[in-house]
Each structure stands twice: as C-alpha cells, then as structure tokens.
Number of protein chains: 2
Amino acid sequence: MAFSPLVDELVDSLRCLPGVGQKTAQRMAFHLLERGRSGGTRLSEALSQAMTGVRRCECCQNFSDTELCGICENPQRRTGTLCVVESPSDLLAIEQAGDYRGGYFVLMGHLSPIDGVGPEQIGIERLLKRIREEGVTELILATNPTVEGEATAHYIADRLDGQGILITRLAHGIPVGGELGYVDGFTLTHAFRGRKPLSD
Amino acid sequence: MAFSPLVDELVDSLRCLPGVGQKTAQRMAFHLLERGRSGGTRLSEALSQAMTGVRRCECCQNFSDTELCGICENPQRRTGTLCVVESPSDLLAIEQAGDYRGGYFVLMGHLSPIDGVGPEQIGIERLLKRIREEGVTELILATNPTVEGEATAHYIADRLDGQGILITRLAHGIPVGGELGYVDGFTLTHAFRGRKPLSD
Ligand SMILES: [Zn+2]
Ligand SMILES: [Zn+2]
C-alpha cells in the first residue's frame with residue numbers, strides 16, 4: 001500500500017481469518033480505522049487474551065479457560081450419558097437447543113486417514129478411558145452426517161462392541177451432508193428425542 | 001457460550017468487523033484457536049498498533065502513519081494535477097493501475113445532507129485552500145459514479161467556477177452505480193486517459 005505500513009500490516013493480518021481475501025481485509029481495515037477504533041482495540045485485546053489463555057478441557061477436549069470446562073465441572077451433567085461431537089460449534093448448537101443435560105466429548109475433527117488424522121489425533125483412547133471410568137451407559141454419536149462423520153461414529157461403535165453400552169445416533173431432521181452447527185434448535189431437539197440404537 | 005468467557009469475548013469482538021454475524025464470528029474464533037494462533041496473535045498486535053498509530057495525512061486526508069503520507073511527501077507527485085477520491089480504497093485502486101503520477105485528496109465520504117455530511121465533514125475548505133496554495137491546474141473529480149458521488153463532484157466544480165482550473169471527470173469504463181475500488185486496473189487506466197472536462 002502506498003500510504004501506511006501500519007495499514008498494510010493490518011490488512012495482511014486480517015487475511016488470517018477464514019474466508020477473508022485482500023479486498024475484504026481492506027474493507028475491514030478501513031471500516032475499523034474510519035468508524036470502529038474502539039471495536040478494533042477491543043478485538044485486539046480479546047485476541048491477545050484468547051490466543052494465550054484458551055486451552056483444551058482435560059476431560060472433554062473442548063476449548064476452556066480452565067483445566068476443566070464449565071460443563072465437565074458440573075456434577076449434574078454426569079448423567080451417565082455422553083454425547084460425542086466433532087467441534088465446539090456442534091456442542092454449542094446442542095446447548096442452545098437446550099434439551100440435552102448430559103456430558104460431551106469433543107473430537108475436534110473426524111477420522112481422515114488421508115489427512116493423517118487417526119484415532120490418536122481425535123482422542124479416542126481418552127474417550128474410551130472416560131467411558132470406563134465414569135460408567136457411561138449411553139453414548140450418543142452426534143458426529144456430522146457426512147462420510148467422515150459416519151465413519152468416525154462406526155469406528156467408535158466398533159471399539160465399544162460387546163461392552164453393554166447403549167450406542168445411539170441422532171434421528172431424522174439433520175439434512176444429509178449438512179453441518180450440525182448450522183441446524184436450528186427445533187430440529188436438533190427433535191433429532192435428540194428421536195435418537196435410535198446404532199445397528200449396522 | 002457454555003464453555004469459555006475468553007472465547008465468548010473473542011466471538012463478540014469479532015462482530016465489530018463489517019459483514020461478520022454471530023455464526024461467522026464463531027467460525028473465525030474457532031479457526032484461530034484450532035489452527036491459527038500465531039495469525040491471531042499477529043492480528044492482535046497489528047490492530048493495537050493501527051488503532052493507536054494511524055492518523056490522517058494533513059495534506060490529503062488519507063490514512064497515514066506520519067503527519068504527511070508518502071505520496072504528499074514526494075515532490076515528484078506535485079504535478080499540478082490533483083485527483084479527488086471518496087475513499088482510501090479508491091486511491092489504492094488508482095495507484096495499483098499504475099498510470100497516474102499526480103497528487104490526491106481523499107474526501108473520506110461524499111456529501112450526504114440526510115446523514116449530516118456537509119462540505120465541512122469531507123474537508124472541502126481544506127481542498128480549496130490546497131488548490132490555491134499549490135497552484136493546481138487540473139482537478140480530476142474521481143468520486144464514484146453514484147448519485148452522491150456525482151453531486152459531490154458538481155458541488156466541488158461549482159465552488160471552483162471561474163478560477164481557470166481545468167476540472168475533469170473520469171471517462172467511460174466505470175460501470176454506472178459501481179464502486180471505484182472494485183474496478184480492474186486496465187479499465188481504470190483507460191478511464192484516466194479518456195478523462196474529459198466537466199460541462200453541465
Ligand atoms: Zn470439558
Ligand atoms: Zn497525503
């Protein structure tokens with residue numbers, strides 16, 4: 001840019017955001033400089049705090065500010081039911097639907113051998129250990145209804161075969177090929193209530 | 001959010017960016033936390049520096065890190081020709097087209113009485129003073145080809161009536177109703193070369 005190294009650096013840095021190209025980054029930078037300096041300063045502070053302060057919950061693998069997240073710390077959420085999701089936004093969608101009161105396990109991905117993502121990368125051993133230790137009686141496999149999500153669900157189900165744990169998948173209502181995090185609360189609640197045992 | 005005040009605050013803060021709603025902000029936050037922490041830290045630093053360090057050039061009104069921007073500081077750009085644009089991205093588009101070698105004046109907006117934007121808010125007196133002091137012989141009114149852009153150009157032209165300054169508008173090539181910042185370099189160069197005197 002011809003006029004300001006600070007603006008140049010801001011535009012370049014904004015491109016680390018997903019879906020933000022050169023033109024969008026420019027528009028964002030100019031917007032903040034012209035009309036949103038307090039917002040920009042707040043964002044700077046929030047980024048700095050989050051990038052250094054946010055860790056993974058040692059129990060469910062979700063993002064957390066503390067060793068254990070709020071859900072894992074809450075004894076009332078130890079219902080013997082565990083819901084396995086791929087991402088924090090999936091967990092969030094389920095929480096916002098408001099009906100489910102058990103615990104979670106966040107894979108932070110799905111099995112994808114060609115990308116080098118195996119059981120270890122998504123914490124399967126940690127999940128199995130937790131199921132044993134907490135005496136989980138029902139495991140809801142709420143991975144996305146995609147090829148990878150289904151494969152991940154079936155892998156987990158196979159690993160738990162013969163251990164007497166009820167293993168379920170969410171019911172109708174989730175569009176095939178869609179992403180869980182974008183499903184409305186009503187549909188999600190419906191899918192939760194209609195969950196059925198995995199039989200393949 | 002159920003799991004992290006730091007993530008909550010990051011998501012809220014990201015919504016100060018134009019065009020970013022709740023879902024997009026969430027996606028951005030999770031992306032940075034999962035795969036882009038170094039980018040997030042760099043962005044935090046760039047925001048902090050830019051929000052406090054970027055000012056307006058005292059000569060052309062464009063964003064600048066210093067009292068005078070690089071273009072205004074360069075004596076070779078004092079060609080007697082001044083190009084008036086609405087925004088920094090317009091200036092940038094013209095600079096990237098690469099043909100124009102004169103000076104600029106950045107209005108940072110256009111006349112819009114219903115929004116309370118009059119001549120004072122876009123620096124018209126400063127522009128007229130500069131035209132007198134620098135002995136400008138040609139003024140290129142490169143405001144956007146929109147109703148407000150045209151009105152702003154005509155207002156400036158009226159204020160300079162009878163002072164023997166050649167006043168031009170950019171030529172064909174700019175789509176009517178379009179935004180200058182989104183025009184390709186070839187079209188812009190063409191429009192610059194074909195500029196014609198304002199006669200209404
Ligand atoms: Zn947790
Ligand atoms: Zn300047």
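How each quantity is defined
- Residues numbered from 1 in each chain as written.
- Chains lettered and ligands numbered in written order.
- Predicted model: local features only at pLDDT ≥ 70, side-chain atom pairs only at ≥ 80, totals over all residues.
- Heavy atoms only, no water.
- UniProt positions renumbered as here; feature names shortened; annotations may be inferred.
- Helix = DSSP H or I, 4+ residues; strand = E, 2+ residues; numbered from the N terminus.
- Contact = heavy atoms within 4.5 Å.
- Lys, Arg positive; Asp, Glu negative; His and termini not counted.
- Charge placed at Lys NZ, Arg CZ, Asp CG, Glu CD.
- Least-squares fit on C-alpha atoms with pLDDT ≥ 70 in both.
- Donors = N, O, S within 2.8 Å, 3.2 Å for Na, K, Ca; no water.
- Tetrahedral: all angles 85-135°; square planar, octahedral: opposite > 155°, others 65-115°.
- Buried < 20%, exposed > 50% of the residue type's maximum accessible area, 1.4 Å probe, protein only.
- Buried area = accessible area lost by both parts, 1.4 Å probe.
- Salt bridge = Lys/Arg side-chain N within 4 Å of Asp/Glu carboxyl O.
- Polar contact = N/O pair within 3.5 Å; in protein donor to acceptor, adjacent residues only side chain to side chain.
- Core = buried A, V, L, I, M, F, W, Y, C linked by side-chain atoms within 4.5 Å.
- Pairing = 2+ DSSP bridges.
- Domains from an automatic or database assignment.
- 1 Å grid on protein atoms, 1.4 Å probe; cavity = no way out; pocket = protein on both sides within 12 Å on 5 of 7 lines; lining within 4 Å.
- Points joined across faces, edges and corners; volume = space filled by probe spheres on them.
- Nonpolar A, V, L, I, M, F, W, Y, C, P; charged D, E, K, R; others polar.
- Arc of directions from axis to C-beta.

- As recorded in an unreviewed UniProt entry, chain A goes by the name Recombination protein RecR, listed as coming from Marinobacter gudaonensis.
- Per UniProt, the comment on chain A under Function (unreviewed entry) is "May play a role in DNA repair. It seems to be involved in an RecBC-independent recombinational process of DNA repair. It may act with RecF and RecO."

1. Here's the deal with the overall build of chain A
So, point 1. Assigned secondary structure in chain A consists of 8 helices and 7 strands.
So, point 2. Structurally, chain A occupies a C-alpha span of about 70 × 35 × 35 Å along its principal axes.
So, point 3. For chain A, restricting intrachain contacts to residue pairs at least 6 apart in sequence, the fraction spanning at least 24 positions comes to 56%.
So, point 4. Distance from the positive charge centre (20 side chains) to the negative charge centre (26 side chains) of chain A: 4 Å.

2. Quick word on the relation of the copies chain B and chain A
So, point 1. For the match of chain B to chain A, the screw axis carries a shift of 0.0 Å, the RMSD comes to 0.0 Å, and the turn is 180°. Here the two chains are linked by the operation of a two-fold rotation axis. Scanning chain B for the C-alpha nearest the rotation axis identifies B:Ser44, at a separation of 2.1 Å.
So, point 2. In this assembly, 100% of the residues forming the interface of chain B have copies in chain A that are likewise at the interface, indicating an isologous arrangement.

3. A word on the coordination of the zinc ion (ligand 1)
Residues and elements named next belong to chain A.
So, point 1. Every protein donor of the zinc ion (ligand 1) is accounted for by Cys57 (SG), Cys60 (SG), Cys69 (SG) and Cys72 (SG), and the metal-donor separations fall at 2.3 Å.
So, point 2. Around the zinc ion (ligand 1) sit 4 donor atoms; with metal-centred angles ranging over 105 to 118°, the donor geometry is tetrahedral.
So, point 3. Mapped onto the sequence, the donors of the zinc ion (ligand 1) take the spacing C-x2-C-x8-C-x2-C. With cysteine 57 in the loop between β1 (55-56) and β2 (63-64) and cysteine 69 in the loop between β2 and α4 (70-73), the pair connects residues that are 12 residues apart, well separated along the chain.
So, point 4. Using a relative accessible area of 0% as the deciding quantity, one classes cysteine 57 as buried.

4. Some remarks on the interface of chain B and chain A
So, point 1. Of the residues lining the interface, 55 residues belong to chain B; the matching set on chain A comes to 55 residues.
So, point 2. In terms of surface lost to chain A, no three residues of chain B exceed B:Phe3, B:Met51 and B:Phe63, which account for 14% of the buried area on that side.
So, point 3. Linking chain B with chain A are 2 salt bridges.
So, point 4. B:Arg42 is the partner of A:Glu9 in a salt bridge, and the nearest nitrogen-oxygen pair spans 2.8 Å.
So, point 5. If you look at where chain B meets chain A, you find 13 residue pairs in polar contact (both at pLDDT 80 or more).

5. What about the nonpolar core?
Within soluble globular proteins, side chains that are nonpolar tend to cluster in buried spots.
So, point 1. A:Ile94 and B:Ile94 are the most contacted members of the largest nonpolar core, which has 88 residues in total.
So, point 2. Apart from the residues within four sequence positions on either side, B:Ile94 is in contact with B:Cys83, B:Val85, B:Tyr100, B:Tyr104, B:Ala142, B:Leu180, B:Leu188 and B:Phe192.

6. Some points on the sheet that holds strand β3 (residues 81-85) of chain A
Residue and element names in this part refer to chain A.
So, point 1. Overall, mixed pairing links the 5 strands, which are arranged β4-β3-β5-β6-β7 in an open sheet. With one partner strand each, in any of the chains shown, β4 (103-106) and β7 (196-197) form the two edges of the open sheet.
So, point 2. Direction of pairing for β3 relative to β4: parallel, over a ladder of 4 bridges. Bridged to valine 85 within β4 is valine 106.

7. Observations regarding the coordination of the zinc ion (ligand 2)
So, point 1. Around the zinc ion (ligand 2), the donor atoms from the protein are B:Cys57 (SG), B:Cys60 (SG), B:Cys69 (SG) and B:Cys72 (SG), and they sit 2.3 Å away.
So, point 2. Sequence positions of the residues that donate to the zinc ion (ligand 2) give the spacing C-x2-C-x8-C-x2-C.

8. Here's the deal with the domain arrangement of chain A
So, point 1. The domains assigned to chain A are domain 1 (1-32), domain 2 (78-169) and domain 3 (175-200).
So, point 2. Between the C-alpha centres of domain 1 of chain A and domain 2 of chain A the distance comes to 39 Å.

9. A look at the environment of A:Ala191
So, point 1. Along the chain, A:Ala191 falls in helix α8 (residues 185-193).
So, point 2. Given a relative accessible area of 0%, A:Ala191 falls into the buried group.

10. Comments concerning the pairing of strand β5 (residues 138-141) of chain A
Sheet faces and side chains relate simply in a regular strand, where the side chains alternate between the two faces.
Residues and elements named next belong to chain A.
So, point 1. The alternating pattern of β5 places Glu138 and Ile140 and Leu139 and Leu141 on opposite faces, both of which are buried.
So, point 2. Summarising the sheet, β3 and β5 pair through 4 bridges and their orientation is parallel. Counterpart to threonine 81 in the pairing with β5 is glutamate 138.
So, point 3. Of the pairings in the sheet, the one linking β5 to strand β6 (residues 166-169) comprises 4 bridges and is parallel in character. Each residue of the ladder has a partner; that of glutamate 138, found in β6, is leucine 166.

11. A closer look at unusual backbone geometry
So, point 1. At A:Met108, a position not held by glycine, the phi torsion is positive, near 55°.
So, point 2. Position of A:Met108 relative to the elements: it lies in the loop between β4 and α6 (124-134).

12. Remarks on empty space enclosed by the protein
Residues and elements named next belong to chain A.
So, point 1. Counted under the stated rule, the structure contains 1 cavity of 30 Å³ or more.
So, point 2. Estimates place the volume of the largest cavity at around 80 Å³.
So, point 3. Taken together, 13 residues line the largest cavity, and the ones lying closest to its centre are Arg77, Arg78, Gly103, Arg130 and Glu134.
So, point 4. Of the residues belonging to the lining of the largest cavity, the class tally is 5 nonpolar, 4 polar and 4 charged.

13. A word on α6(A)
Residues and elements named next belong to chain A.
So, point 1. Turning to α6, its buried residues number three or more, namely Ile124, Leu127, Leu128, Arg130 and Ile131. The buried residues of α6 occupy one face: seen down the axis, they fall within an arc of 160°. When the buried face of α6 is taken as reference, the exposed residues oriented beyond 90 degrees from it are Arg132 and Glu133.
So, point 2. Packed against the buried residues of α6 are α4, β3, β4, β5 and α7 (147-159).
So, point 3. With its phi angle positive at about 65°, glycine 135 sits one or two positions after the end of α6.

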